Amino acid sequence: AYIPDEEEGEEGVSGREFYIFDCWSAYKGKPDDMSADKFSKCQLIYEAFLLGDDKEIDMAKVKQQAQLAKLTGVSYISTDIEDWYSTKDGESIKAGLLQVFNEFKKAIPGCVIGNYGVPVSDLNVRRYSESSKTRTEEEIQAEWISSSKKRVPAAEVSDALFPSMYTHTDGSSADPIIQYEKDVKLTSDYLRTNFPDKKIYAYIWPQFYNLHTSPNDTYQKFMTKEQWTRVLEVCYENFDGVILWCHGKGPDGEEVAWSDSRVQE
């Protein structure tokens, strides 16, 4: 989508390129083609469609998914292999993803491909973990960088970076987006410093994540229109695009449709 900067006026010709990728298919009934609303296509492929039961690469699956992606005509692809973050070291993650990426590039020359969560974990989620409650801000940030070290090598073989920037809160803050805005800036500064040549497309979700703390009244609750706007604005200021994700369930585990007023708002 072309979004002119304010200072350009209506006839500006150099607005910053910003992508809004549509991975909202889990909202039942969502239109397949959102291009009229300037949503871009990104093929999201979960690890179950790429790995075998042993959590290692199943090349037959990978080749099948590469051919399916080719049929859709997409040029942006995000794999989602998360199991390796806890079972493999950095070089093994890098080697495995490179093998998968190469198969997609063979099928779709020139495609842009990366893996969810490369090269850092979600700072806004980690800060609300039980262990972070007794840490200083400096310790929280240091732990976040340390915990992400095994993901860093994979950035070398990724065409773009796909960090997770879901919004978390423990329900204690009257304005949880304030901390989120700070964490987006911290994440962006770290990535721009260490990977200056990589585009950054952040995963965001219009519901509060809150899966790593005891349930509270914001557990998977939809953000207000104002909160979601602020999430989008700070991502626009700091990243090159966003991947809009959802899992199609509401706070009570109910299935959520595209027509649901919470989604439309």
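So, how was this worked out
- Note on numbering: residues in each chain are counted from 1, in written sequence order.
- A pLDDT threshold of at least 70 governs which residues receive local features in this predicted model, and a stricter bar of 80 or more applies before side-chain atom pairs are shown or counted, although totals over entire chains, interfaces and linings include all residues.
- Only hydrogens and water are set aside when side-chain values are computed; all heavy atoms of the structure are taken into account.
- To define a nonpolar core, start from buried Ala, Val, Leu, Ile, Met, Phe, Trp, Tyr and Cys residues and group those joined through side-chain atoms within 4.5 Å.
- Here the term buried applies to any residue with accessible area under 20% of the maximum for its type, exposed to any over 50%, and partly exposed to those in between, with areas from a 1.4 Å probe on protein chains only.
- What counts as a helix is a DSSP run of H or I of at least four residues, what counts as a strand is a run of E of at least two, and both are numbered from the N terminus.
- By definition, two strands form a pair when at least two bridges between them are found by DSSP.
- Interaxial angles span 0 to 180 degrees and are taken between N-to-C directions of axes, which are lines fitted to C-alpha atoms, for helices over the stretch in contact.
- Residue contacts are defined here by distance: any two heavy atoms, one from each residue, within 4.5 Å place the two residues in contact.
- What a helix should span is 1.5 Å times the count of its residues minus one.
- The directions considered for the arc run from the helix axis to the C-beta atoms.
- Polar contact criterion, stated in full: a pair of N or O atoms within 3.5 Å, where within protein one must be able to donate a hydrogen and the other to accept it, and residues adjacent in sequence count only if both atoms are side-chain atoms.
- Stacked, tilted and edge-to-face pairs are distinguished by plane angle, under 30 degrees for stacked and over 60 for edge-to-face with tilted covering the rest, among Phe, Tyr and Trp rings (Trp via its six-membered ring) whose centres lie within 6.5 Å.
- Should the NZ of a Lys or the CZ of an Arg lie within 6 Å of a ring centre and within 35 degrees of the ring normal, that charge is described as sitting over the ring.
- Salt bridge criterion: a side-chain nitrogen from Lys or Arg within 4 Å of a carboxyl oxygen from Asp or Glu.

S.K.: Which parts of the structure should I look at to understand the nonpolar core?
M.R.: What tends to happen in soluble globular proteins is that the nonpolar side chains get buried as a cluster. Among the nonpolar cores identified, the biggest contains 77 residues, and Tyr27, Ile77, Phe104 and Ile204 are the most heavily contacted of them. Among the elements that make up this core, the one with the highest residue count is helix H3 (residues 90-107) (six residues).

S.K.: Any chance you could explain the sheet that holds strand E6 (residues 160-161) here in plain terms?
M.R.: Sheet strands line up and pair through hydrogen bonds in the backbone, either parallel or antiparallel. The strand order E2-E1-E8-E7-E6 describes an open sheet built from five strands, whose pairing is parallel. At either margin of the open sheet sits one strand with a lone partner, and together these are strand E2 (40-41) and E6. Pairing of E6 with strand E7 (residues 199-204) involves two bridges; the strand directions are parallel. If you follow Leu161 over to E7, its bridge partner there is Ile200.

S.K.: I keep staring at the sheet that holds strand E5 (residues 112-115) and nothing clicks. Help me out?
M.R.: Ordered by their spatial adjacency, three strands build an open sheet running E3-E4-E5, and the pairing between neighbours is parallel. The outermost strands of the open sheet, each flanked by one partner alone, are strand E3 (43-46) and E5. On average, each strand axis in the sheet is tilted by 20 degrees relative to the strand beside it, whichever way the strands run. Pairing of E3 with strand E4 (residues 76-80), which is carried by four bridges, proceeds in the parallel orientation. Across the sheet, residue Ile45 finds its bridge partner in E4, namely Thr79. The strands touched by H3 are E3, E4 and E5; relative to E5, the strand with the most contacts, the crossing angle is about 155 degrees.

S.K.: Just checking my understanding: could you explain helix H1 (residues 59-72) for this structure?
M.R.: With 14 residues, H1 extends 20 Å from end C-alpha to end C-alpha; this agrees with the ideal 20 Å at 1.5 Å per step. Within H1, burial applies to Val62, Gln65, Ala66 and Ala69. Along the long axis of H1, the arc covered by the buried residues comes to 105 degrees, so they all point the same way. The outward face of H1, more than 90 degrees from its buried face, is lined by the exposed residues Ala60 and Leu71. Where the residues of H1 are buried, they touch E3, E4 and H3. Measuring from the backbone nitrogen of Ala60 back to the side-chain oxygen at the start of H1 gives 3.1 Å, which picks out Asp58 as the cap.

S.K.: Which parts of the structure should I look at to understand the packing of aromatic side chains?
M.R.: Overall, the coordinates contain 21 aromatic pairs when judged by the stated rule. Connected via pairs of aromatic rings, a cluster forms that spans Trp24, Tyr27, Phe39, Phe222, Trp228 and Trp258. The lysine or arginine in question, Lys88, covers the ring of Trp84, its NZ or CZ lying 5.4 Å from the ring centre. The ring of Tyr85 has Arg151 sitting right over it, with the charged end atom 3.9 Å from the ring centre.

S.K.: Honestly, the pattern of salt bridges in this entry has me stumped. Any pointers?
M.R.: Any two side chains of opposite charge can pair, given that their charged atoms come close. The final tally for this structure, using the stated rule, is 17 salt bridges. In this structure, Asp240 engages Arg192 in a salt bridge whose closest nitrogen and oxygen atoms are separated by 3.1 Å. Within this pair, whereas Asp240 is found in the loop between helix H7 (225-238) and strand E8 (241-245), its partner Arg192 is found in helix H6 (residues 177-194), the two being separated by 48 residues in sequence. Here the salt bridges share partners, and the residues they tie into one network are Arg127, Glu137 and Asp183.

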